[in-house]
Amino acid sequence: MAAAGYGSDLEEDVGGEAKRARKEASKGDSISTKTTPRSSAAVHRPEKSTFAEERDKAARSEYMHTTLRGMNAYDRHKRFINDYLLFYGGARAKLRPTEVAKNDYDVIEEEHRFLWDDKEQPATWEQRLAKKYYDKLFKEYTLVDLSRYREGLVALRWRTEEEVLAAKGQFVCGNLACSARDDLTSWEVDFNYVEQGKARSALVKVRLCPDCSRRLNHANPHRRARSAREAAEADAHEADEKKKKRKHKHKHDKSDDDSDQEKDRKHKRKHRHDRDDASDDDDERERKHKHKHKHKSRHEDKGSRAEDLLDDLLV
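Because the structure is predicted, anything quoted here is derived from the model rather than measured.

Engineer: Run through the nonpolar core, naming residues and quoting values.
Structural biologist: With 24 residues, the main nonpolar core has Phe114, Val204 and Leu208 as its most contacted residues. When residues no more than four places from it in sequence are discounted, the contact partners of Phe114 are Tyr134, Thr142, Leu156, Arg157, Trp158, Phe191, Tyr193, Glu195, Ala202 and Val204.

Here it is, written out as structure tokens:
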């Protein structure tokens, strides 16, 4: 037996191999214990019923998109036309001429009016649609297109709600191609246009920057729109002018009346004078006639007395 604290090389080798064997065994056991739950748990695979449900769902989706129930009105219309032409190809002549389908925008563009009469009632659904769109517009200021101002042509339209919220046409230049905000001026535009074959006219307001104002007045000068204070002052001034004109006219009429009265007085005076002259002439003629008649009577008396004397002498 070996002394305490010392061992042979053979014992060390045997002990080391035993330790390594136990270590590997313990390591293998740990690996086996760790991998056992994973290997024991089977991978989840869907059942056949699940595959069938998914297949049926895809088929239903394809069916809804390719059949009538899954189509909108326009797609169903095209499907019917295609089926009609496919199965009844000889009946093409019975079909209506192909026309371009109109949307709401096309209808509004055809039936739109710059100004609608409040008393007029739309007769068709197209006119009702255009009138409904017109009622949603804001008609305090207009927007202008000055792209053809050199030709003397301008285009005007009312503002939409989005443009009003963006202050376009009131605090921003009303030209569609301009976004200036400084030195804006309001103009009153006598807008003459042709609508539905009839010449029409409307007085509208538009606010423009100096450059766009020059373009607006390039061919036809327009009057600058007045503010509320300026309009009140102008109305007061106009009322004063009308009052002065009425006074002047009244004074002129009074002077005319006075002149007419003076003429009447002169005419009466002249008529009286003429009448007096005529009466004087009549008196003079009467005196002359009386004098002549008196002279004649005297002459006749003298003749009769001479005849009487002659008769006496003859006797």
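The structure having been displayed, the exposition proceeds.
Engineer: Go over the sheet that holds strand E5 (residues 223–224), please, and point to the residues and values.
Structural biologist: Spatially, E4-E3-E5 is the arrangement adopted by the three strands of the open sheet, whose pairing is antiparallel. Each of the sheet's edge strands pairs with one partner strand only, and the pair in question is strand E4 (198–208) and E5. Across two bridges, the pairing between strand E3 (residues 185–195) and E5 is antiparallel. Pairing of Glu188 across the sheet is with Arg223, part of E5.

Engineer: I'd like to hear about a positive patch on the surface, residue by residue, with values.
Structural biologist: Residues Lys243, Lys244, Arg246 and Lys247 make up a contiguous surface patch of positive charge. If you trace the backbone, Lys244 turns up in helix H8 (residues 228–314).

Engineer: Account for the packing of helix H4 (residues 104–111) against helix H5 (residues 125–135), naming residues and giving values.
Structural biologist: Contact pair H4 / H5: the axes reach a minimum separation of 9 Å and the direction vectors enclose 85 degrees. Classified by the interaxial angle, the pair formed by H4 and H5 is roughly perpendicular. Of the residues in H5, those touching H4 at Asp104, Val107, Ile108 and Glu111 are Trp125, Glu126, Gln127, Leu129, Ala130 and Tyr133. Looking at side-chain class alone, the contact of H4 with H5 contains six nonpolar, one polar and three charged residues.

Engineer: Can you lay out the pairing of E3 for me, pointing to particular residues and giving the numbers?
Structural biologist: In terms of strand pairing, E3 meets E4 through 11 bridges, oriented antiparallel. Opposite Tyr193, over in E4, you have Arg200 as the bridge partner. Hairpin connection of E3 to E4: two residues between the antiparallel strands, including Gln196 at a positive phi of 55 degrees.

Engineer: Would you mind going over unusual backbone geometry in detail, with residue names and values included?
Structural biologist: The phi dihedral of Asp183 falls on the positive side, at around 55 degrees, and the residue is not glycine. Position of Asp183 among the secondary structure elements: in the loop between helix H6 (161–165) and E3. For Asp183, a relative accessible area of 60% gives the class exposed.

Engineer: With reference to specific residues and values, describe the side chain of Asn217.
Structural biologist: Structurally, the position occupied by Asn217 is in the loop between helix H7 (210–216) and E5. One polar contact links the side chain of Asn217 to the main-chain carbonyl oxygen of Ser213, over a distance of 2.8 Å. Discounting residues that sit within four places of it in the chain, Asn217 has contacts with Trp187 and His222.

Scoring rules and cut-offs
- Residues numbered from 1 in each chain as written.
- Predicted model: local features only at pLDDT ≥ 70, side-chain atom pairs only at ≥ 80, totals over all residues.
- Heavy atoms only, no water.
- Core = buried A, V, L, I, M, F, W, Y, C linked by side-chain atoms within 4.5 Å.
- Buried < 20%, exposed > 50% of the residue type's maximum accessible area, 1.4 Å probe, protein only.
- Contact = heavy atoms within 4.5 Å.
- Pairing = 2+ DSSP bridges.
- Helix = DSSP H or I, 4+ residues; strand = E, 2+ residues; numbered from the N terminus.
- Patch = residues over 30% accessible without salt bridge, like charges linked within 9 Å, V, L, I, M, F, W, Y side chains within 5 Å.
- Areas by Shrake-Rupley, 256 points an atom, 1.4 Å probe, with all protein chains shown as cover.
- Salt bridge = Lys/Arg side-chain N within 4 Å of Asp/Glu carboxyl O.
- Lys, Arg positive; Asp, Glu negative; His and termini not counted.
- Charge placed at Lys NZ, Arg CZ, Asp CG, Glu CD.
- Axes fitted to C-alpha atoms, helices over the stretch in contact; angles between N-to-C directions.
- Parallel < 35°, antiparallel > 145°, perpendicular 65-115°, else oblique.
- Nonpolar A, V, L, I, M, F, W, Y, C, P; charged D, E, K, R; others polar.
- Polar contact = N/O pair within 3.5 Å; in protein donor to acceptor, adjacent residues only side chain to side chain.

Shape is all these values report; function is a separate question.
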